[in-house]
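As a plain string of letters, each chain reads:
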Amino acid sequence: MGTLKTEPARARLDLLAPPVAAVVQAWPGEAPVDVDDVLVAPIDAELADTAAFCEAYQVGLEESANCVVVAGKRGGETRYAACVVLATTRADVNGVVRKLLDVRKASFAPMAEAVELSGMEYGGITPIGLPADWPILVDSRVIATPHVIIGSGARHSKIALPGPALGALPGARVVEDLAKPA
């Protein structure tokens with residue numbers, strides 16, 4: 001995990017966005033991943049974007065996962081989903097994601113919408129703590145990664161956890177080839 005100085009997330013709720021902190025506080029004891037395996041590390045908020053973060057903290061792109069919010073419309077209703085993909089890949093928004101959302105066209109949700117609806121900061125959005133009605137689509141490569149670094153809901157920190165934990169989140173669906181190589 002590069003040069004990150006991690007601590008258990010439940011001991012540093014101050015580093016997490018409020019919806020993320022709420023999920024960590026209520027982490028079920030029977031979850032397949034123990035809450036103590038969910039770690040958080042403070043970072044420089046100016047270095048939150050993936051490439052800058054990985055370079056500054058010596059984290060490989062193959063260990064870093066991005067969470068992007070995708071939106072599509074069907075019958076006048078906007079449908080949202082979170083896509084979790086490794087930084088070495090890009091979500092197949094208008095192929096796989098569009099079909100899974102059952103919409104004619106899908107695209108990245110506008111920044112202001114993603115921030116407002118998630119309660120998280122742009123550049124720090126994470127699948128932990130998103131609205132319960134949003135599907136969380138996790139590329140199978142993410143859960144095959146022993147440990148990944150993701151956003152914390154805030155730009156000033158990152159979460160480190162076992163990749164399989166992301167596939168076990170409520171509302172998560174592991175999808176083969178959700179992403180394509182970058």
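Relevant structure appears above.
Note that the structure is predicted; figures quoted are calculated from it, not measured.

## Topic: the side chain of D92
- Along the chain, the position of D92 falls in the loop between β5 (89–91) and α3 (93–101).
- Using a relative accessible area of 14% as the deciding quantity, one classes D92 as buried.

## Let's talk about the sheet that holds strand β10 (residues 172–175)
- Spatially, β6-β3-β4-β7-β10 is the arrangement adopted by the five strands of the open sheet, whose pairing is mixed. Looking along the sheet, the strands with just one partner apiece sit at the ends: β6 (106–108) and β10. Pairwise comparison of adjacent strand axes, ignoring direction, gives a mean angle of 30° for this sheet.
- The pairing of strand β4 (residues 77–86) with strand β7 (residues 136–139) spans three bridges and is parallel. Paired with V84 across the strands is V138, a residue of β7.

## Section: the pairing of β4
- Counting buried positions along β4 yields seven of 10 residues, so the element is predominantly enclosed.
- For strand β3 (residues 65–74) and β4, the ladder comprises 10 bridges, and the chain directions are antiparallel. Within β4, the residue paired with G72 across the bridge is R79.
- Connecting the antiparallel pair β3 and β4 is a turn made up of two residues, with G75 showing a positive phi of about 60°.

About the cut-offs
- Residues numbered from 1 in each chain as written.
- Predicted model: local features only at pLDDT ≥ 70, side-chain atom pairs only at ≥ 80, totals over all residues.
- Heavy atoms only, no water.
- Helix = DSSP H or I, 4+ residues; strand = E, 2+ residues; numbered from the N terminus.
- Buried < 20%, exposed > 50% of the residue type's maximum accessible area, 1.4 Å probe, protein only.
- Pairing = 2+ DSSP bridges.
- Axes fitted to C-alpha atoms, helices over the stretch in contact; angles between N-to-C directions.

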